[in-house]
Amino acid sequence: MVIAEAHRLICAGLRLLIECEGDMLVVGEAMRGENAVAQAQRLRPDVVVMDVGLPGIDALRATRLIFDDATVHGRVLLISTSGSEPDLFAALRAGAHGLLLRSSTPEELRRAARTVAAGGALLAPGLMPRLAANLVPGRSRPGVVAPELEVLTGREREVVALVGHGFSNAEIAARLAVSPATVKTHVGGAIAKLATRDRAALVTLAHETGLVVSAPRAAAPTAPDRRRRRGP
């Protein structure tokens, strides 16, 4: 992992938080955007944790350069002070796979780093409603499928809608009474058919097309509860 943060004390604190449980290692640090890109190209980390306010090449351009470099397989987790809508949209469009707020807890940081390193995408708690509230509200109407989504099966659209609400594969599996592997297959199929970059881009598309029309995120029932309702 590479940490890109202009302030040495904050950088040292992030390193301690990330390495304290022993399953993650920081292999490099950068204090400017261009240094973050160079470190990603040289060290090939799984994740680059980058402050949005990084000096030099701005963090969003640095993210785009890292994402567009076919020789770099690392993924970018951005940390923002405000989590404003412009930051959120710009981060997703630049290719970031995660966005945290500086107010996030240490455990949220570690969970985000692990999720992004494992190939997932993660937005800080509280950012999903902002995304929902500011992406083309009311575009979709009952019974009407956005043209972009016509390539999907009904079940794939259902899964993409739940992804757009921020549910994990396990939570979606519990809601639909299917296996997480089946959900993963549907997510992968939707990403391929829609030619989206990854799960984070799928979330954006779900909102842009009006597939997600309600902001609140209700907790998913657990799989055992679902099985009890269905009977033995």
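Preceding this section is the structure that the text describes.
Now for a description of the structure that goes with this document. Each chain carries its own residue numbering, running from 1 in the direction its sequence is written. Under the rules for a predicted model, residues below a pLDDT of 70 receive no local features and side-chain atom pairs below 80 are neither given nor counted, while totals for whole chains, interfaces and linings still include all residues. Hydrogens are left out, water is left out, and the side-chain values use all remaining heavy atoms of the structure.

Summing up its helical and strand segments, the protein has 11 helices and 6 strands in all. Partly exposed describes any residue whose relative accessible area lies between the buried limit of under 20% and the exposed limit of over 50%, with all areas from a 1.4 Å probe on protein chains only and scaled to the type maximum. Here the protein holds 232 residues, and the buried ones make up 45% of them. The contact rule is simple, with two residues in contact once any of their heavy atoms fall within 4.5 Å. Within the protein, contacts between residues at least 6 apart in sequence are counted, and of these 63% link residues at least 24 apart. To measure how exposed things are, a 1.4 Å probe is used in the Shrake-Rupley method; for residues, cover is taken only from the protein chains shown. Looking at the protein as shown, the accessible area adds up to about 11300 Å², and 56% of this sits on carbon and sulfur atoms. The way it works is that DSSP assigns letters per residue, a run of H or I at least four long becomes a helix, a run of E at least two long becomes a strand, and they are numbered from the N terminus.

Taken as a class, soluble globular proteins show a tendency for nonpolar side chains to be buried jointly. We call a set of buried residues a nonpolar core when its members are Ala, Val, Leu, Ile, Met, Phe, Trp, Tyr or Cys and they connect through side-chain atoms within 4.5 Å of each other. Among the nonpolar cores identified, the biggest contains 24 residues, and Val48, Met50, Ile66 and Leu78 are the most heavily contacted of them. Elements with a minimum of two residues in this core: strand E1 (2–4), helix H2 (33–43), strand E3 (47–51), helix H3 (59–68), strand E4 (75–80) and helix H4 (85–94). Residues contacting Val48, with those up to four places away along its chain left out, are Val2, Ala40, Ile66, Arg75, Val76 and Leu77. In terms of nonpolar packing, the next biggest core, distinct from the first, is built from 21 residues, Leu149, Ala190, Ile191 and Val203 among them.

We note that Ala177 has phi near 60°; this positive angle belongs to a residue other than glycine. Its location among the elements puts Ala177 in the loop between helix H8 (169–176) and helix H9 (180–194). Using a relative accessible area of 35% as the deciding quantity, one classes Ala177 as partly exposed. You will see that Ala195, though not glycine, has its phi angle at about 55°, which is positive. With respect to the helices and strands, the residue Ala195 is situated in the loop between H9 and helix H10 (199–208).

Time to look at the packing of H9 against H10. Taken N-terminus to C-terminus, the directions of H9 and H10 make an angle of 75°; their axes are 10 Å apart at the nearest point. Relative to H10, the element H9 is oriented roughly perpendicular. Across from Val187, Ala190, Ile191 and Leu194 in H9, the residues of H10 making contact are Arg199, Leu202 and Leu205. In terms of residue class, the contact of H9 with H10 is built from 6 nonpolar, no polar and 1 charged. The axes are straight lines fitted to the C-alpha atoms, using for helices just the contacting stretch, and the angles between their N-to-C directions are given from 0 to 180°. When describing relative orientation, an angle under 35 degrees is termed roughly parallel and one over 145 degrees roughly antiparallel, while 65 to 115 degrees is termed roughly perpendicular and anything else oblique. Note on residue categories: nonpolar means Ala, Val, Leu, Ile, Met, Phe, Trp, Tyr, Cys or Pro, charged means Asp, Glu, Lys or Arg, and polar means any other residue, Gly included.

So, on to the side chain of Asp51. Its location among the elements puts Asp51 in strand E3. A relative accessible area of 8% places Asp51 in the buried class.

Mapped onto the fold, Lys193 is located in helix H9. With 42 residues separating them along the chain, Lys193 and Val151 place their C-alpha atoms 6.6 Å apart. Nitrogen and oxygen atoms within 3.5 Å of one another constitute a polar contact, given that in protein one can donate a hydrogen and the other can accept it, and given that sequence-neighbouring residues count only through two side-chain atoms. A polar contact is formed between the side chain of Lys193 and the side chain of Glu156, at a distance of 2.9 Å.

The next subject is the packing of H2 against H3. Between H2 and H3, the shortest axis-to-axis distance is 9 Å and the interhelical angle comes to 15°. By the criterion of interaxial angle, the relationship of H2 to H3 is roughly parallel. Classified by chirality, the crossing of H3 by H2 is right-handed. Every residue of H3 that contacts H2 at Gly33, Ala36, Val37 and Ala40 is listed here: Ala62, Leu65 and Ile66. The residue makeup of the contact of H2 with H3, split by class, is 6 nonpolar, 1 polar and no charged. Should the near helix be turned anticlockwise from the far one by less than a right angle, the crossing is left-handed, and should it be turned clockwise, the crossing is right-handed.

Among the residues of H3, Ala59, Leu60, Ala62, Thr63 and Ile66 are the ones counted as buried. Angular distribution of buried residues about the axis of H3 spans 160°; they occupy a single face of the element. Each C-beta atom gives one direction from the helix axis, and the arc is the one those directions make.

This part covers the pattern of salt bridges. Should a side-chain nitrogen of Lys or Arg be within 4 Å of a carboxyl oxygen of Asp or Glu, the pair is scored as a salt bridge. Taken as a whole, this structure holds 11 salt bridges when the rule is applied. Measuring nitrogen to oxygen at the nearest pair gives 3.0 Å for the salt bridge that ties Glu5 to Arg102. With a gap of 97 residues between them, Glu5 in the loop between E1 and helix H1 (8–19) and Arg102 in the loop between strand E5 (98–101) and helix H5 (106–117) connect regions that are remote in the sequence. According to the relative accessible area criterion, Glu5 is buried, its value standing at 3%. Relative accessible area serves as the criterion here: at 35%, Arg102 is assigned to the partly exposed category.

To continue, consider the sheet that holds E3. Strand pairing follows a simple DSSP-based rule, namely that at least 2 bridges must link the two strands. With parallel pairing, 6 strands are arranged side by side in an open sheet as E2-E1-E3-E4-E5-E6. Of all the strands in the sheet, just strand E2 (28–30) and strand E6 (122–123) have a single pairing partner and so form its edges. Relative to E3, E1 runs parallel, the two being bridged by 3 bridges. Residue pairing in the sheet places Ala4 in a bridge with Met50 of E3. Where H1 meets the sheet, its contacts fall on E1, E2, E3 and E4, and the angle it forms with E1 comes to roughly 150°. Most of the contacts of H3 go to E3, to which it runs at about 165°, and overall it touches E3 and E4.

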